[in-house]
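Topology and contacts: notes
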Amino acid sequence: MNLFPNISIFNELRRMNIRELLYQSLNFGMVISTALMIWNALVVLTGSGSPVVVVLSGSMEPAFQRGDLLILTNDLDDPIRVGDITVFNIEGRPIPIVHRVIKVHEKSVNDTKFLTKGDNNNVHDHSLYAEKQQWLKRSDVIGRVKGLIPYCGYMTILVNEVPYFKHILIGFMAIVTLLHREY
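An unreviewed UniProt entry lists the chain under the name Signal peptidase complex catalytic subunit SEC11, with Caenorhabditis briggsae as the source organism. Reading the Subcellular location (unreviewed entry) entry of the UniProt record for the chain gives the comment "Endoplasmic reticulum membrane".

Moving on: the layout of surface pockets. The calculated volume of the largest pocket comes to roughly 450 Å³. Contributing to the lining of the largest pocket are 19 residues, with Val54, Leu56, Ile95, Pro96 and Ile97 lying nearest its centre. Elements that contribute at least two residues to the lining of the largest pocket include exactly strand 1 (52–54), strand 4 (97–108) and helix 3 (154–161). Of the residues contributing to the lining of the largest pocket, the split by class is 12 nonpolar, 5 polar and 2 charged.

Moving on, we come to the side chain of Thr116. Along the polypeptide, Thr116 turns up in strand 5 (residues 111–117). Residue classification places Thr116 among the buried positions, given a relative accessible area of 0%. At a separation of 2.6 Å, a polar atom in the side chain of Thr116 contacts the side chain of Asp125. A polar atom in the side chain of Thr116 sits 2.8 Å from the side chain of Tyr129. In this structure Thr116 touches Thr86, Phe88, His99, Arg100, Val101, Ile102, His124, Asp125, Tyr129 and Leu136, once residues within four positions along its chain are discounted.

Right, let's get into the sheet that holds strand 5. On the basis of which strands lie adjacent, the open sheet formed by 7 strands has the order 1-2-7-3-4-5-6 and antiparallel pairing. The open sheet has two edge strands with one neighbour each: strand 1 and strand 6 (136–137).

Omega for the peptide link from Glu61 to Pro62 comes to 10°, which places this bond in the cis form. Mapping Pro62 onto the fold places it in the loop between strand 1 and strand 2 (69–73). Although it is not a glycine, Lys132 sits at a positive phi angle of roughly 70°. As for its position among the elements, Lys132 is in the loop between strand 5 and strand 6. With a relative accessible area of 76%, Lys132 lands in the exposed category. Located in the positive-phi region is Tyr151, a residue other than glycine, with phi close to 60°.

What counts as what
- Residues numbered from 1 in each chain as written.
- Predicted model: local features only at pLDDT ≥ 70, side-chain atom pairs only at ≥ 80, totals over all residues.
- Heavy atoms only, no water.
- UniProt positions renumbered as here; feature names shortened; annotations may be inferred.
- 1 Å grid on protein atoms, 1.4 Å probe; cavity = no way out; pocket = protein on both sides within 12 Å on 5 of 7 lines; lining within 4 Å.
- Points joined across faces, edges and corners; volume = space filled by probe spheres on them.
- Helix = DSSP H or I, 4+ residues; strand = E, 2+ residues; numbered from the N terminus.
- Nonpolar A, V, L, I, M, F, W, Y, C, P; charged D, E, K, R; others polar.
- Buried < 20%, exposed > 50% of the residue type's maximum accessible area, 1.4 Å probe, protein only.
- Polar contact = N/O pair within 3.5 Å; in protein donor to acceptor, adjacent residues only side chain to side chain.
- Contact = heavy atoms within 4.5 Å.
- Pairing = 2+ DSSP bridges.

Laid out in structure tokens, this is it:
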């Protein structure tokens, strides 16, 4: 019985012995491990649990376009100020929001509350916050925007919005890694 279907892309896999196939599988595992190590290094260097995020809506235009990749830092010693662009989580919402701080109430260094608004929105974000929440706290913040790479996040948008695109992309990466031979 043939392990792979009779499709031309699998001819290269059929020609490999078990040792070569295991080697290529380990190569694929190393690629995934390297990506995870780079992500964890960015988490440590930036102080943010999510050092890179993608803009998913047009609420921050013209500052950021849909698909822009944002680079974040989260220095807890640096206070939040009016004009800072923050990425924050709202209880009950799975996707973080990227908006600008428009008001700050600072009772002490550890007791700061602030209000945000999207640059392209007409009103502040009270309606986006959790029920009975009027202000954001420092603990809601994932990070502050320190840089961007324009349009580099469109792959993330495709993965989230197009059914099965994620599976096709992962399958393609696996096949390319398995079929790639070092000479």
